[in-house]
Every structure is written in C-alpha cells, then in structure tokens.
Number of protein chains: 2
Amino acid sequence: MLTLYYAAHTCSLASHIALADAGAVYELKRIDFRTGEQQSPDYLRINPKGRVPALATQRGILTETPAMLAFIAQGFPEAGLAPADDAFAFAELQAFNSYLCSTVHVAHAHRMRGQRWADEETSLADMKRKAPRSVGACFETIETHMLRGPWVMGDRYTIADPYLFTLAQWLEADGVDLTRIPRVIEHRSRMAGRPNVRKAIAEELAP
Amino acid sequence: MLTLYYAAHTCSLASHIALADAGAVYELKRIDFRTGEQQSPDYLRINPKGRVPALATQRGILTETPAMLAFIAQGFPEAGLAPADDAFAFAELQAFNSYLCSTVHVAHAHRMRGQRWADEETSLADMKRKAPRSVGACFETIETHMLRGPWVMGDRYTIADPYLFTLAQWLEADGVDLTRIPRVIEHRSRMAGRPNVRKAIAEELAP
C-alpha cells in the first residue's frame, strides 16, 4: 500500500495522476494548508521539509516529485510510464522533470511564496509582477524546444505528462499569455480529458 | 566520447567529478560566462535554456544536473555510483539530488541572479540580504535530516556526494554560519581530499 500526502492545487497532483496511471493501490492523506498542517509536528515527522507531496511506502518515505514519479514508473513497469533499460531515454525524461521542478515551479512560486527568498513587501510585489514573464518564458521554452508531441517525450505517454499538466494548471493565475504556447494548451486539454486525470482531480477536490 | 560543457564555479562541477569517478572518457568545453557565451547562438543550439551544464553524448544532448548524474551512474554501472535494481534506494538518491537543484541551488541563486525573478534594485538587495538565512536553512535541513554519513546516502559513495560538495563550495560566499552545519563541512573536507575532486577542480581552473 502506498499513501500519498497531498494538498489540492499543488504539484502533488502529478504523483496522484501517475499513481492512477500505474494502476497502483494507494490511499490519500490531505494536508490542510489553510491551518498550516504542513508545518505541524506530526507532518514534519513524515517530511521534515514541511512540503507536499510525500509518499509513504513499505520501505519508507519518499519526497520530491521527480523522484516520486520515477519510483512510481519503475515500481509498476507494466504501465510503461518511463523507458526501462535505456539510460539515455530515461535521463531525457528526468531532465524534463528536473526543469519543471527547478525552474518552472520555482518561477511560479515567486507569485505567492516570495517570502522564501525576500522580506520586504515591495520585493514580494515586484516578484508577483514579474511572474507572468518568468513563468511565460519557461513555458515558451517548453513549447518551442522541449514538448515533442503528442506527449511530452513523443509518441509515448510518460510521467512527464502529468507533471507538465499539473504546472500548466496555474498558467491563468500566473498571468501567462496562453496564445504564445498553443501546443502546451493543447496538451493540457488532452490531458484533462483522461479518466485518471479527472478521477485524481475529483478526489482532491472532494469535501 | 562524452563532452561536458561547463563553467568554473557553477554546478557543472558535480557532473565533472562524477565523470571522473565513473572512469568515463570525456572532454571539456569551457563556456565563458564573462562574455555571455551561454547565450550565444552556438551554445543555444546545444542548450536552448542557455545554462550549464550540458553533456553531449552519442545519442544527443542531456541537461539538468540530477538527470546527467543519474545517466553517468547508469552508464558506468561498474563504478557503483547509484543503486542498481533497487527502485526505492534509487528514488531516495534522486530525491536528495532533486532537493539540491530545486531548493538549495535556487536559494543560492537569489544572491546573484535575482533578476530572474524581480526587476527592482531594492528587491535584488533584499534577496541578497536573505540568502544567508534561506541557504542556511536548507543546509541545516541537510545536516539534521538528510546527510546520513559518512557519505550522503550512508556507507556508499554515490552521485549525491559530488553534488552536495559542489553546492557547499558556495557556503562562505553565501554568508552561511558554518558552525551550525559541522557534518556538512566535514563531508566537504573529506570530498576535497579525493583525487578526482582535485583533478576536476584543477581542470576547471586551468588557464
């Protein structure tokens, strides 16, 4: 049994969709960001970093979306969510996911979580003003150079697809000009129609 | 043949050390940040993201340190730089490296590269003031919860070790209080004594 610690509207959705795609048996534990539960002593025992997602497994806890996604893919090889036995193709996939976590998600985080890196209200407002451009530039790089189509890595659906979809949920709130990234938007629409994506979102938004 | 595109004093050092540890045959191409070579048309054809490192392989170009490190480990399994055939242990290792790229390196980047996320001089100065605390908090998390010892993942040296060592090069410049992270500093000292580490640093600093 796998247990996913998640919060709605966060990057934990990527792992949630991947668990469904893998055909895994999993349970969900919601972490309530409104009450700051991610910083509670109980949750810090699960993830000392005080963030979601975390995945409890029989061997212990895993964190960090790219690592969790690769674990899900490798743990359920019959689902074919990552190239097996091809180190180069696997590395290309991991490079895509690493760009999402280290650059794209980070650019987005400056709109609402600027206090991680600065203290003054004027700085936080400056970061918020820049988010449409910094997030937009990331997605234009994806649009032009990285998204192969129809899926991120080409003909085959992989763990990169739910991760890109998850971050693309935030484009409107981030103020990005969607007309400049039509292929990303088409990918997002196609993902939104998949039953596992609809199931995962419905589970996260349930009362 | 593998070709590493690098710049001194950047995170490309991690992959450089790993290539030496793997016993790989590699050549080095220095990218001159002083002249902005990372944004030159020639280099953007190699890495459209305009960053280092990049690794040219027979199959194509790889970017993003966690993906490159895993590729090096998997491509040279006899060097034993990552757990083979154990998806959980591999995911734990990738989670550590993912934290380095998405949180630790990002905190550091706010000291000198704040213009990625804000425009005003006052914001950049604010970010610079906060870097000792934000980078320091990351390394205290590593010190307390993540660095197993003697190597990052425990008894076995892995690709997490050169990556942690690389980011720990910047602690003094980031203004972090080293007395709070003695295990990280001990690890850094032990890494600095390894012949491959000395070789990689000497190659990068050569005229």
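Above this text sits the structure in question.
Let me sum up the structure you'll find in this document. (Residues numbered from 1 in each chain as written. Chains lettered and ligands numbered in written order. Predicted model: local features only at pLDDT ≥ 70, side-chain atom pairs only at ≥ 80, totals over all residues. Heavy atoms only, no water.)

**Describing the side chain of A:Asn97**
Then, in step 1: In this fold, A:Asn97 is placed in helix α4 (residues 87-112).
Then, in step 2: Excluding its chain neighbours within four sequence positions, the residues that come into contact with A:Asn97 are A:Pro66, A:Leu69, A:Ile159, A:Ala160 and A:Tyr163. (Helix = DSSP H or I, 4+ residues; strand = E, 2+ residues; numbered from the N terminus. Contact = heavy atoms within 4.5 Å.)

**A short note on the relation of the copies chain A and chain B**
Then, in step 1: Between chain A and chain B, which share one sequence, the superposing operator has a rotation angle of 180° and an axial displacement of 0.0 Å; the RMSD is 0.0 Å. Within this description, the copies of the chain are treated as partners about a two-fold rotation axis.
Then, in step 2: When the interface residues of chain A are mapped onto chain B, 100% of them again fall at the interface, so both copies present the same face. (Least-squares fit on C-alpha atoms with pLDDT ≥ 70 in both.)

**A few points about the packing of aromatic side chains**
Residues and elements named next belong to chain A.
Then, in step 1: Following the criterion strictly, the structure yields seven aromatic pairs over all chains and no others.
Then, in step 2: Considering the side-chain rings of Trp151 and Tyr157, the 5.1 Å spacing of their centres and the 85° angle between planes classify their relative orientation as edge-to-face. No difference in accessibility class separates Trp151 from Tyr157, as the two residues are buried.
Then, in step 3: For Arg194, the ring lying beneath its charged end belongs to Tyr157, and the centroid distance is 3.7 Å. (Phe/Tyr/Trp six-rings, centres within 6.5 Å; stacked < 30°, edge-to-face > 60°. Buried < 20%, exposed > 50% of the residue type's maximum accessible area, 1.4 Å probe, protein only. Lys NZ or Arg CZ within 6 Å of the ring centre and 35° of its normal.)

**Overview of helix α1 (residues 12-22) of chain A**
Two residues of an α-helix separated by three or four positions point the same way, owing to the 3.6 residues in each turn.
All names here are of chain A.
Then, in step 1: The element α1 is extensively covered by neighbouring structure, given that 11 of its 11 residues are classed as buried.
Then, in step 2: Every buried residue of α1 is accounted for by Ser12, Leu13, Ala14, Ser15, His16, Ile17, Ala18, Leu19, Ala20, Asp21 and Ala22.
Then, in step 3: Elements that come into contact with the buried residues of α1 comprise β1 (2-6), β2 (26-30), β3 (54-56), α3 (65-75), α6 (160-168) and α9 (195-205).
Then, in step 4: Just past α1, the residue Gly23 takes up positive phi, approximately 75°.

**Remarks on the pairing of strand β1 (residues 2-6) of chain B**
Residue and element names in this part refer to chain B.
Then, in step 1: Burial analysis of β1 places five of its five residues in the buried class, the great majority of the element.
Then, in step 2: Residues Leu2, Leu4 and Tyr6 of β1 are buried on one face, and the alternating residues Thr3 and Tyr5, pointing to the opposite face, are buried as well.
Then, in step 3: With five bridges connecting them, β1 and strand β2 (residues 26-30) associate as parallel partners. Along β2, the bridge assignment pairs Leu4 with Leu28.
Then, in step 4: Here β1 runs beside strand β3 (residues 54-56); their pairing, made up of three bridges, is antiparallel. Looking at the pairing, Thr3 lines up with Ala56 of β3. (Pairing = 2+ DSSP bridges.)

**With respect to unusual backbone geometry**
Note: most peptide bonds trans; most residues except glycine with negative phi.
Then, in step 1: Geometrically, the link from A:Gly149 to A:Pro150 is a cis peptide bond, its omega value of -5° lying close to zero.
Then, in step 2: Relative to the helices and strands, A:Pro150 resides in the loop between α5 (121-146) and α6.
Then, in step 3: Here the amide bond leading from B:Val52 into B:Pro53 is cis, since omega sits at 0°, within 30 degrees of zero.
Then, in step 4: Tracing the sequence through the fold places B:Pro53 in the loop between α2 (41-46) and β3.
Then, in step 5: The backbone of A:His9 sits at a positive phi, close to 70°, despite the residue not being glycine.
Then, in step 6: Secondary-structure assignment places A:His9 in the loop between β1 and α1.
Then, in step 7: You will see that B:Glu64, though not glycine, has its phi angle at about 75°, which is positive.
Then, in step 8: Within the fold, B:Glu64 resides in the loop between β4 (61-63) and α3 (65-75).
Then, in step 9: Given the relative accessible area of 14%, B:Glu64 is considered buried.

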